[in-house]
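The lines below spell out each chain.
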Amino acid sequence: MLLSLVLVTLSFRDSDDGPVASAQERAASVLRPFQVAADRIAEPFRDAYGWVDGLFDARSEAEELRKENEILRQQVAQIRLAARENVRLRELLAYLDGPRFPEGYRGLATGVIARPAGTYAQSIVIAAGRNDGLAVDDPVVTQDGLVGTVSRIGSRTARVTLLTDDQSAVSGMIPATGAAGVVRTGHGPRAPLRLDRVGKESVVRVGDTVVTAGWRSQRLASIYPKGILIGRVSSVGRTDTDPYTQVQVTPFADLDSLEAVLVLLPRDRGGR
């Protein structure tokens, strides 16, 4: 330590061309090759460290970008879903205020929240129930046509049995010709519905519109109001062995992709 202090003192007092400066230059010249070699040896390690450090930073940034991208995808999906639901509800409200809406009823627009699993489960669950004024057998429609009826009810949800269920039956008629019958489930995916019990003397043509008959007597009445669109006649057939005309009907409402529906509530029932 004493030697170091002496050398430092001499270095400050010595001139640029003195013995101490000359000794420092000679020492630096001797050590320079070793310093260059050490720098060359250390350079790959420094580069490797920088590459590894950059790799971790890149992975961290990529993970952050992936999370942000996933959040953005979810937000876009929610916005699109909300936009579709908004369109469906506006279409229902337009039907509600339009001339085709049946007299004596008010409509409750609600969303479809579930479709029971299973190939033969022809029903949906809606986000409205007893607390909203619903009752069993209330008709359910869309702006396109009849969907089915409320078959089971809870306080805030209800199950709707679709027209394509085996237990469904609706009195239907063809306004253009007066032909009448009962709308039931069809015999396959190409014929979702059929107009049953149509006499051979009745005039039925492909393309005819089928609507609810909406019959009424002194004590009894159909649960469906008159004139609700059901579907269009897709095929007509007659055989010698069958006393009735075979009429296949394609429903107007898309029963496979329901998102929002309108429940028809009698005005004389009261409620909300």
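Look above for the structure.
Here goes a summary of the coordinates provided. (Residues numbered from 1 in each chain as written. Predicted model: local features only at pLDDT ≥ 70, side-chain atom pairs only at ≥ 80, totals over all residues. Heavy atoms only, no water.)

Details of the overall build of the chain
Alright, step 1. When helices and strands are counted, the chain shows 2 helices and 12 strands.
Alright, step 2. Starting at the N terminus and walking to the C terminus, you meet the elements of the chain as α-α-β-β-β-β-β-β-β-β-β-β-β-β.
Alright, step 3. Counting every position in the chain, which comprises 272 residues, the buried fraction comes to 31%.
Alright, step 4. Long-range pairs, those at least 24 residues apart, make up 57% of the contacts in the chain with a sequence separation of at least 6.
Alright, step 5. Accessible surface computed for the chain: about 17700 Å², of which carbon and sulfur atoms make up 54%. (Helix = DSSP H or I, 4+ residues; strand = E, 2+ residues; numbered from the N terminus. Buried < 20%, exposed > 50% of the residue type's maximum accessible area, 1.4 Å probe, protein only. Contact = heavy atoms within 4.5 Å. Areas by Shrake-Rupley, 256 points an atom, 1.4 Å probe, with all protein chains shown as cover.)

With respect to the pattern of salt bridges
Alright, step 1. If you walk through the whole model with that rule in mind, you get 4 salt bridges.
Alright, step 2. Measuring nitrogen to oxygen at the nearest pair gives 2.8 Å for the salt bridge that ties R66 to E63. In this pair, R66 and E63 both sit in helix α2 (residues 19-96), 3 residues apart, roughly one turn of the helix.
Alright, step 3. The class of R66 is partly exposed, set by a relative accessible area of 48%.
Alright, step 4. Residue E63 is classed as partly exposed on the basis of its relative accessible area of 33%.
Alright, step 5. In this structure, the salt-bridge partner of D196 is R184, at a minimum N-O distance of 3.7 Å. Note that D196 is positioned in strand β8 (residues 191-199) and R184 in strand β7 (residues 180-188), a separation of 12 residues in sequence. (Salt bridge = Lys/Arg side-chain N within 4 Å of Asp/Glu carboxyl O.)

Details of the environment of V236
Alright, step 1. Its place among the elements puts V236 in strand β10 (residues 229-237).
Alright, step 2. In the structure, V236 is positioned 32 residues away from V204 in sequence and 7.1 Å away in space, judged by C-alpha atoms.
Alright, step 3. When sequence neighbours within four positions are dropped, the list of residues in contact with V236 reads V204, R205, V206, T245 and Q246.

Description of the sheet that holds strand β12 (residues 260-266)
Alright, step 1. Overall, antiparallel pairing links the 6 strands, which are arranged β1-β2-β5-β4-β3-β12 in a closed barrel. In this sheet, neighbouring strand axes are inclined to one another by 45 degrees on average, regardless of whether the strands run parallel or antiparallel.
Alright, step 2. Pairing analysis gives 2 bridges linking strand β1 (residues 105-114) to strand β2 (residues 123-126), with the strands arranged antiparallel. Bridge pairing links V112 to I126 in β2. (Pairing = 2+ DSSP bridges. Axes fitted to C-alpha atoms, helices over the stretch in contact; angles between N-to-C directions.)

Section: the environment of M173
Alright, step 1. Structurally, M173 is set in strand β6 (residues 170-173).
Alright, step 2. In this structure the C-alpha to C-alpha distance between M173 and T212, which are 39 residues apart in sequence, comes to 6.3 Å.
Alright, step 3. Not counting residues up to four positions away in its chain, the partners in contact with M173 are A179, A180, T209, V210, V211, T212 and A213.

Examining the sheet that holds β10
Alright, step 1. Strand order in the closed barrel formed by 6 strands is β6-β7-β8-β11-β10-β9, and the pairing between neighbours is antiparallel. Strand after strand, the sheet turns through a mean of 45 degrees between neighbouring axes, direction not considered.
Alright, step 2. The sheet contact formed by β6 and β7 spans 4 bridges and is antiparallel. Residue V170 lies in a different strand from β7, and its bridge partner there is V183.

Description of a negative patch on the surface
Alright, step 1. Where like charges cluster on the molecular surface, the negative patch consists of E91, D144, D254 and D256.
Alright, step 2. Its location among the elements puts D254 in the loop between β11 (244-251) and β12.
Alright, step 3. Owing to a relative accessible area of 44%, D254 belongs among the partly exposed residues under this scheme. (Patch = residues over 30% accessible without salt bridge, like charges linked within 9 Å, V, L, I, M, F, W, Y side chains within 5 Å. Lys, Arg positive; Asp, Glu negative; His and termini not counted. Charge placed at Lys NZ, Arg CZ, Asp CG, Glu CD.)

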